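These are the residues of each chain, in order.
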Amino acid sequence: MARRSSKARKRPKARPQGILELTIRGFGFVKTSEGEFFIPASKVHGAFPGDLVEVSPLPSRDSDRHSSSKHPSSSNRKKVGSISKVLMRSHETILGRYEVAEPFGVVVPEDPTIHHDIFTLRKEAPWVRDGDVVEVELIEYPTRNSAATGRVLRVLGHEGDTSLDVDLIIANHKLETIFNEQALQEAEQCSLNIEASLLGGYEDLREKFVFTIDPFDARDYDDALSVEKTQKGYRLGVYIADVSRYVPFGSALDLDARRRATSVYLVDRVLPMLPEKISNNLCSLIPDASREAMAVEIELGNDGVVRGYRIFPAVICSKARLSYDQAQCLIDARNSADWYEDFLHRAVPMGAHKLPKKKVERLRETLGDLTTLTQKLFNRRFDAGCMDFERVEARVRLNAEGTPYDVQYRRRTKATRAVEESMILANRLVAQWLFEQELPCVYRVHDVPDGDMLAMLYHVLREFDEFKTLDAYSFCSGNPKILQDVLSRAHTLPEGEHIDLLLLRSMKRAMYRAEQSAHFGLAIEYYCHFTSPIRRYPDLLVHRLIKEALFGKTETSTAQRQSLPWMAEHSSKMERVAAKAEQESQMVKLVELMQADVGKEFEALVSGVSTFGVTLRLDNTAQGHMSIDELGDEYFSYDPMRFTLTGSDTGEIIRLGQKMRVVLVEAVPRERRLIFKKAR
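Residues numbered from 1 in each chain as written. Predicted model: local features only at pLDDT ≥ 70, side-chain atom pairs only at ≥ 80, totals over all residues. Heavy atoms only, no water.

1. Some points on the packing of helix α9 (residues 357-384) against helix α10 (residues 414-436)
Definition in use: Between N-to-C directions, angles span 0 to 180 degrees; the directions come from axes that are lines fitted to C-alpha atoms, helices contributing only their stretch in contact. Helix and strand labels come from DSSP, where a helix needs a run of H or I of at least four residues and a strand needs a run of E of at least two; each type is numbered from the N terminus. Take the far helix as the reference: if the near one is turned anticlockwise from it by less than a right angle, the crossing is left-handed, and if turned clockwise, right-handed. By definition in these notes, contact holds between two residues if any of their heavy atoms fall within 4.5 Å. All amino acids are sorted into three groups, where Ala, Val, Leu, Ile, Met, Phe, Trp, Tyr, Cys and Pro are nonpolar, Asp, Glu, Lys and Arg are charged, and the leftover types, Gly among them, are polar.
At a minimum axis distance of 9 Å, the contact between α9 and α10 shows a crossing angle of 60 degrees. Like other packed secondary-structure pairs, α9 and α10 cross with a definite hand, here left-handed. Within the contact between the two elements, α9 uses Leu370, Thr371, Thr374, Leu377, Phe378 and Arg381 and α10 uses Lys414, Arg417, Ala418, Glu421, Ser422, Ile424 and Leu425. Residue composition of the contact of α9 with α10, by class: six nonpolar, three polar and four charged.

Next comes the structure, spelled out in structure tokens:
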């Protein structure tokens, strides 16, 4: 009988795991619980970007060999590893350009960080042309000894098609572009019946002076306002399109909207959450048309404190539709003797439709009261500790053929602030009302910032003279007053916009939850989304919950309540997907626009620093990359705490927020890639 060894057998140590990030040049990085590993291109072993992988740390002699190579990134890494196993694949399908190579069709991935072509059998897809862009399903992933194989699922277009770049973004994010037939049939059967609504308990507010303010290029109009000066203060009305009247829970329309969870506003098109008959007709608060709405009417004192409010269904008739530019013109011209001529001169060339002078005069007075009130509302939130980020939004303008020709910038104005504060107040009161009624709600929550993220930002801020005396404990604990002070001081600096962005990135992401929690960024205890049910599914859910409270439960009430947690989670996920797709679509056209600027010199802001280079941001918000090789002949060491690169010979320091003169050397739209070199 064999004797058991007296020594316990040691279990092999678990290898570190993490998500693989790959670069265009083939090498990559994996962040693990044991630190970050540099993965040389020769050690990726068939893994794709985004894969969950197991890393095998290289022996010290191999690590030293890779660290001493000419590759600039590896030289700053203490740990070098090899991909030993792929635990979970992130790509089931790949988008790529089809090349005929009989008897195969070779798919070259559109993603430049995927360095493996996929081989398909030509006879299985003889209709696919050379140069078509296709979606291919992966059958076998690449190994050290074999290539990747797959099967063509569909053709998205040909490589020369103008709109293909955005089509690829849609396909890559698996965004839905068509509604199912039953949903479209349900939409077609919907019709306005104002008299039935009034008989069913909707209040008739069609005589009230209600108006809408939206971006000039808005595609839906789901929120309207009214404001009146009273003896004790103000009466503010917020009226939101009653989408729930046409989209009951569990209907085909609802199931389509639920999957989408949000409308997606791409650079050249909108992928709506609801069919056009609902979003652009029945629920669009267009001027001079009766529409059902959910109303929040609020009584406020002269100090901006809420004295009382009501939430109820109503029928309204908008008296005017203003763009933000028009509204700002009227606000600016409030005290001008020639205000009407100024309005016509400035607003009409923007494409604004003409309004009778009498109506414009009333709008001017009303907007004056609205801006006075909403400034008070903002001041109260600011005193409570809200974050006031200064954001510039860049929108690429396209001609009829989809070719970019200009960039339009949207900045916060008194007009946008007025609408924003009105909607924030309505959202707050609806959430508070549902909570106090002990009713369920889909809350919009924003958790306190993570201390570790703020600690990283603290070291970056200390690089600026303005923040040398910043108290570490108060800042890293997320004290809102200290964060407000940082933002306030940042706004006086040339790098202020970048500091704004860094602080915003250090915040946790706002999300939807079925459990009540405060909104840190807005400094509000109870908050939900109620004001955009045409384009956001959580708002539609909240409308139904309000009606349940006002009119009683329906047959589907229990099913909807039980679904709230996962629908909140799904909506948060789809919001992130939509935001990424929208950003990518803007970037692809921005890079296309900048193809004409290759060879030109720019002043750029350093928005990112890493071991393998510098991320640069231009005034038009376009971001690009400059390799560390371009910084000079000397060796640059990376400091991960301060996010700096320091030259070994000159001592030159490259830090976040710094301005650099650079030359654009390459612009590749489909890859959304801009490459720069240092101006000499």
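2. Comments concerning the sheet that holds strand β27 (residues 644-647)
Put simply, the rule reads: Whether two strands pair depends on DSSP finding at least two bridges between them.
The three strands lie next to each other as β26-β27-β28, forming an open sheet whose pairing is antiparallel. Each edge of the open sheet carries a strand with a single partner, namely β26 (636-639) and β28 (653-655). Neighbouring strand axes in the sheet, compared pairwise and without regard to direction, differ in orientation by 20 degrees on average. Of the strand pairs in this sheet, β26 and β27 are connected by four bridges, and their pairing is antiparallel. By the bridge assignment for β27, Ser637 is matched with Thr646.

3. Digging into the sheet that holds strand β10 (residues 148-158)
The strand order β6-β7-β8-β10-β9 describes a closed barrel built from five strands, whose pairing is mixed. In this sheet, neighbouring strand axes are inclined to one another by 50 degrees on average, regardless of whether the strands run parallel or antiparallel. Packing of helix α2 (residues 164-172) onto the sheet brings it into contact with β6 (93-101), β9 (132-140) and β10, and relative to β10 it is tilted by some 135 degrees.

4. Quick word on α10
Quick note on the threshold: Here, expected helix span is obtained from the residue count minus one, scaled by 1.5 Å. Exposure categories follow from relative accessible area, calculated using a 1.4 Å probe and restricted to protein chains: below 20% of the type maximum is buried, above 50% is exposed, and the middle band is partly exposed. Any pair of N or O atoms that falls within 3.5 Å is considered a polar contact. Within protein, one atom must be able to donate a hydrogen and the other to accept it, and sequence-neighbouring residues count only if both atoms are side-chain atoms.
Taking 1.5 Å per residue, 23 residues should reach 33 Å; α10 reaches 33 Å between its end C-alpha atoms and fits that length. Counted residue by residue, α10 has 18 buried out of 23 residues, so it is predominantly covered. The N-terminus of α10 is capped by Thr413, whose side-chain oxygen sits 3.3 Å from the backbone nitrogen of Ala415. Residue Glu438 follows α10 closely and has a positive phi angle near 60 degrees.

5. Considerations on the side chain of Glu634
For clarity, the threshold we go by: We treat Lys and Arg as the positive residues and Asp and Glu as the negative residues; His and chain ends play no part in the count. By definition here, a salt bridge exists when the distance from a side-chain nitrogen of Lys or Arg to a carboxyl oxygen of Asp or Glu is within 4 Å.
Relative to the elements of secondary structure, Glu634 occurs in the loop between β25 (623-627) and β26. Despite its burial, Glu634 pairs with no opposite charge, the nearest such side chain being Lys678 at 7.2 Å. Apart from residues no more than four positions distant in its own chain, Glu634 is found in contact with Gly647, Ser648, Asp649, Thr650, Gly651 and Glu652.

6. Focus on the confidence of the model for the protein chain
Detailed reading of the predicted coordinates is not advisable wherever pLDDT is low. Rules: pLDDT is a per-residue confidence score from the predictor, ranging from 0 to 100.
Taken residue by residue, the protein chain gives an average pLDDT of 89. The fraction at 70 or more is 94%. The model gives residues 63-77 a pLDDT under 50, and that stretch makes 37 contacts with residues more than four places away or in other chains.

7. Some points on the layout of surface pockets
Rules: Each cavity reported here is a set of points on a 1 Å grid over the protein atoms alone in which a 1.4 Å probe fits but cannot get out, each pocket an open set with protein on both sides within 12 Å along at least five of seven lines, and each lining residue one with an atom within 4 Å of a point. Grid points are joined across faces, edges and corners, and a volume is the space filled by probe spheres set on the points.
Taken as a whole, the second largest pocket encloses approximately 330 Å³ of empty space. If you trace the second largest pocket, you find 15 residues lining it, with Ser244, Arg544, Lys547, Thr554 and Thr556 closest to the centre. Split by residue class, the lining of the second largest pocket holds five nonpolar, six polar and four charged.

8. Here we look at a nonpolar patch on the surface
What counts here: What goes into a patch is any residue over 30% in relative accessible area without a salt bridge, connected to like charges within 9 Å or, for nonpolar side chains (Val, Leu, Ile, Met, Phe, Trp, Tyr), within 5 Å. Under the convention used here, a 1.4 Å probe and the Shrake-Rupley method define accessible areas, while residue burial counts only the protein chains that appear.
A contiguous nonpolar surface patch, about 230 Å² in accessible area, is contributed by Phe104, Phe119 and Leu121. Structurally, Phe119 can be placed in strand β8 (residues 118-121). When its relative accessible area of 31% is taken as the criterion, Phe119 is described as partly exposed.

9. Description of the state of the cysteines
Quick reminder of the rule: Pairs of cysteine sulfur atoms within 2.5 Å are identified as disulfides in what follows.
For the structure on display, the rule yields zero disulfides. Cys283 forms no disulfide, and the closest cysteine sulfur to it belongs to Cys190, at a distance of 8.3 Å. According to the relative accessible area criterion, Cys283 is buried, its value standing at 2%.

10. Here's the deal with the pairing of β8
Regular strands place side chains that alternate from one sheet face to the opposite one. Here β8 shows a clear split, with Ile118 and Thr120 buried on one side and none of Phe119 and Leu121 buried on the other. Sheet topology note: the strand β7 (residues 104-109)/β8 ladder contains four bridges and is antiparallel. Bridge pairing in β8 links Phe104 to Leu121. Alignment of β8 against β10, held across two bridges, turns out to be parallel. The residue of β10 that forms the bridge with Phe119 is Thr149.

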